[in-house]
Amino acid sequence: MSTAVVHYTAAAISDRGRKRPSNEDAFGYSVEHGVYVVCDGMGGAAGGEIASSLAVDEFMKRLTGRTADDPLPTGAEQAIAAANQAIFTRSERSNKLSGMGTTLVALLTNERHVWMINVGDSRGYRMRSGRLEQITVDHSLVEEQVRMGRLERSEALRSPLRNVITRALGTQSSVTPDIFELETAPGDLFLLCSDGLTRELSDALIESLLGAAAPLEELCSRLAAAANQAGGHDNITCLLVRVEA
Ligand code: CA
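Here the structure is a predicted model, which means the values were calculated and not measured.

Break down the pattern of salt bridges for me, citing the residues and quoting the values.
The final tally for this structure, using the stated rule, is 14 salt bridges. Here the residues in one salt-bridge network are E58, K61 and R62, joined through shared partners.

Account for unusual backbone geometry, naming residues and giving values.
Within the chain, E111 stands out as a residue other than glycine whose phi angle is a positive 55°. Topologically, E111 is positioned in the loop between β5 (104–110) and β6 (113–119). Using a relative accessible area of 34% as the deciding quantity, one classes E111 as partly exposed. The residue S129 is not glycine, and still its phi comes out positive at about 50°. Tracing the sequence through the fold places S129 in the loop between β7 (123–128) and β8 (131–134). Overall, S129 belongs to the exposed group, its relative accessible area being 73%.

Hey, could you go over the packing of aromatic side chains for me, with residue numbers and the actual values?
Evaluation of the coordinates by the stated rule reveals two aromatic pairs. Look at F27 and Y29: their rings are 6.4 Å apart centre to centre, the planes differ by 20°, and that puts the pair in the stacked class. An angle of 20° between the planes, with centres 6.0 Å apart, marks the rings of Y29 and Y36 as stacked. Note on Y29: relative accessible area 32%, which makes it partly exposed. Of the residues examined, Y36 reaches a relative accessible area of 0% and is grouped as buried. Linked through ring pairs, F27, Y29 and Y36 together constitute an aromatic cluster.

Explain the state of the cysteines to me, using residue names and the numbers behind them.
Under the definition given, this model contains zero disulfides. Among the cysteines around C220, which has no disulfide bond, C238 carries the closest sulfur, lying 5.9 Å off. Note on C238: relative accessible area 0%, which makes it buried.

Summarise helix α7 (residues 216–229); cite the residues concerned and give the values.
Across its 14 residues, α7 extends 20 Å between first and last C-alpha, which sits within 8% of the 20 Å expected from 1.5 Å per residue. Among the residues of α7, those classed as buried are L216, L219, C220, L223, A224, A226, A227 and N228. Considering only its buried residues, α7 is in contact with β1 (7–15), β10 (189–193), α5 (195–198), α6 (203–210) and β11 (236–244). In the stretch just after α7, G231 is the one whose phi turns positive, near 135°.

Definitions and cut-offs
Residues numbered from 1 in each chain as written. Predicted model: local features only at pLDDT ≥ 70, side-chain atom pairs only at ≥ 80, totals over all residues. Heavy atoms only, no water. Salt bridge = Lys/Arg side-chain N within 4 Å of Asp/Glu carboxyl O. Helix = DSSP H or I, 4+ residues; strand = E, 2+ residues; numbered from the N terminus. Buried < 20%, exposed > 50% of the residue type's maximum accessible area, 1.4 Å probe, protein only. Phe/Tyr/Trp six-rings, centres within 6.5 Å; stacked < 30°, edge-to-face > 60°. Disulfide = S-S within 2.5 Å. Expected span 1.5 Å × (residues − 1). Contact = heavy atoms within 4.5 Å.

Dropping the structure here:
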């Protein structure tokens, strides 16, 4: 029996958008280690930027430094706990950073197996055979209300409570991520992104942009440009990972 080696390629972009004075999103990845992560920080002063970059640094450090026999999902949970602790401890030491936190959405790959992990409302999608599917579930108040039948999905985007997230890294002493295990097929394209993309562009528009035959860097640029064209109200971060044949 032969074992196919699965190759992944990746590209990312992070754009300040047109309205915000700074960029509180952060991303990191290592194709070699099969680790990809996007974080969207929040909190006064420089809190958001510090929280998202602490989370990316800690997550990358833990998952690129692990030994090969650590199962990935367990390693990811430990990495998230460490990132959570790093932000929480830092925010407790400084009044100015008090309450800072960040979302996290990550993809981990090991041959044909991949895991998507999220805390907060940054999203992970899979594009397969031209169809875009959201894998993660937002940890947000409006998503909970939609799931309970109290709010129409079309109303959620306009709700004054749309910014309220129900889970974040760094705001509590512990946090539980969601973990989705998937099998990949050649040609699958994974998108990790902050809400600066998904608030501006419908899933249908993202699907059509990702359907174009173009290098990943170019697709990232087109997504950010389209979100800016639609208003660019927030920072925009997109990370694309493709399963090569
Ligand atoms: Ca955001």
